[in-house]
Amino acid sequence: QQQVKQSPQSLIVQKGGISIINCAYENTAFDYFPWYQQFPGKGPALLIAIRPDVSEKKEGRFTISFNKSAKQFSLHIMDSQPGDSATYFCAASIKGYQKVTFGIGTKLQVIP
Amino acid sequence: DGGITQSPKYLFRKEGQNVTLSCEQNLNHDAMYWYRQDPGQGLRLIYYSQIVNDFQKGDIAEGYSVSREKKESFPLTVTSAQKNPTAFYLCASSRGGSGNTIYFGEGSWLTVV
């Protein structure tokens, strides 16, 4: 049962363009939504995270947009660079629980 | 340096053998996790532990076993009952509770030959 649906599974973007990855969830008990970045052969690392009481969070070129009523959230990478080429995972967790549910992942390739 | 150490990085196993993947953390985190990563299937939770001497099954626990005898250690045994064990295994830890960052190790590649 996929509780967090992520799309697309792969994405090719021109250098300088905007990369957009979308996630949707069903469980309204989720209250924390992190994004992780994973380079080949490495473990994922936290990139940026948001709670449902805000609609947007920006850190440098990375922005999370959150739509609570639609139960959707997305990652925008502005001015995408070849160094951003990685796999990105959205995730969600419930307050008081250790378990984190991950999306299927999006493999991003930024071409020069 | 603080972090999570997984070993070995690469492991080959013959069919029918059990293997144990090591995971050690020096972050003083209460919670530890094991994930399995396969192409096109994302990160799937095998087992997690919130405190010493306690652990819970994740979504794909069949064919795996764990122990949590020390706070800093959470080894994973892939048993011969696991039908398709070839995968990338990731150990992780967190302070516990929702909203706390999960930190991942570098992963271990297991190949059945």
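It should be noted that the structure appears before, not after, this text.
Predicted model, so just to flag it, every value in this text is computed and none were measured.

**Student:** Would you mind going over the interface of chain B and chain A in detail, with residue names and values included?
**Tutor:** Taken together, the contact pairs 26 residues of chain B with 23 residues of chain A. Applying the counting rule to chain B against chain A returns 1 salt bridge. Two residues, B:Glu106 and A:Lys42, come together in a salt bridge whose shortest N-O distance is 3.1 Å. For the side of chain B that touches chain A, the secondary structure elements donating two or more residues are β4 (31-38), β5 (42-51) and β9 (87-94) of chain B. Examining the composition of the side of chain B that touches chain A, we find that 5 residues originate from one element, β5(B), more than from any other.

**Student:** Pulling in residues and values, what's your account of the packing of aromatic side chains?
**Tutor:** By the definition in use, this model includes 20 aromatic pairs over all chains. Each ring, one from A:Phe33 and one from A:Phe66, has its centre 4.8 Å from the other, and the planes form 50°; the classification is tilted. Placement of A:Phe33 in strand β4 (residues 30-38) and of A:Phe66 in strand β7 (residues 62-67) is noted, with a sequence separation of 33 residues between them. Among the residues examined, A:Phe66 registers a relative accessible area of 7% and is labelled buried. Here the aromatic rings of A:Phe33 and A:Phe73 are separated by 4.9 Å at their centres, their planes lie at 55°, and the arrangement is tilted. Pair noted here: A:Phe33 is in strand β4 and A:Phe73 is in strand β8 (residues 72-77), with a separation of 40 residues, a long-range link. The burial state of A:Phe33 is the same as that of A:Phe73; both residues are buried. Joined through ring pairs, the aromatic side chains of A:Tyr36, A:Phe89, A:Phe102, B:Tyr33, B:Tyr35, B:Tyr48 and B:Phe104 make up one cluster. We note B:Arg68 situated over the ring of B:Phe74; from NZ or CZ to the ring centre the distance is 6.0 Å.

**Student:** I'd like a rundown of the sheet that holds strand β3 (residues 19-25) of chain A, residues and numbers included.
**Tutor:** Residues and elements named next belong to chain A. Sheet architecture is open: 5 strands sit in the order β1-β3-β8-β7-β6, paired in antiparallel fashion. Edge positions in the sheet fall to β1 (4-7) and β6 (56-59), since each has one partner strand and no second. Here the strands of the sheet are splayed against their neighbours by 15° on average, with no regard to which way each runs. Both β7 and β8 contribute to a ladder of 6 bridges, which runs antiparallel. Bridge assignment links Phe66 to a residue of β8, and that residue is Phe73.

**Student:** So what about the pairing of strand β3 (residues 19-25) of chain B? Which residues, and what values?
**Tutor:** Residues and elements named next belong to chain B. The alternating pattern of β3 places Val19, Leu21, Cys23 and Gln25 on a buried face, while none of Thr20, Ser22 and Glu24, on the opposite face, is buried. In this structure, strand β1 (residues 4-7) lies alongside β3, joined through 4 bridges in antiparallel fashion. Across the sheet, residue Ile4 finds its bridge partner in β3, namely Gln25. Where β3 lies against strand β8 (residues 76-78), 3 bridges are found, and the strand directions are antiparallel. The residue of β8 that forms the bridge with Val19 is Val78.

**Student:** Report on the sheet that holds β1(B), specifying residues and quantitative values.
**Tutor:** Residues and elements named next belong to chain B. Pairing in this open sheet of 4 strands is antiparallel, and the strands run β1-β3-β8-β7 from one edge to the other. Across the chains shown, the open sheet's two edge strands, defined by having one partner strand only, are β1 and β7 (64-66). With strand direction ignored, the average angle separating the axes of adjacent strands in the sheet is 20°. Of the pairings in the sheet, the one linking β7 to β8 comprises 3 bridges and is antiparallel in character. By the bridge assignment, Val66 is partnered in β8 with Leu76.

Basis of the calculations
- Residues numbered from 1 in each chain as written.
- Chains lettered and ligands numbered in written order.
- Predicted model: local features only at pLDDT ≥ 70, side-chain atom pairs only at ≥ 80, totals over all residues.
- Heavy atoms only, no water.
- Contact = heavy atoms within 4.5 Å.
- Salt bridge = Lys/Arg side-chain N within 4 Å of Asp/Glu carboxyl O.
- Helix = DSSP H or I, 4+ residues; strand = E, 2+ residues; numbered from the N terminus.
- Phe/Tyr/Trp six-rings, centres within 6.5 Å; stacked < 30°, edge-to-face > 60°.
- Buried < 20%, exposed > 50% of the residue type's maximum accessible area, 1.4 Å probe, protein only.
- Lys NZ or Arg CZ within 6 Å of the ring centre and 35° of its normal.
- Pairing = 2+ DSSP bridges.
- Axes fitted to C-alpha atoms, helices over the stretch in contact; angles between N-to-C directions.

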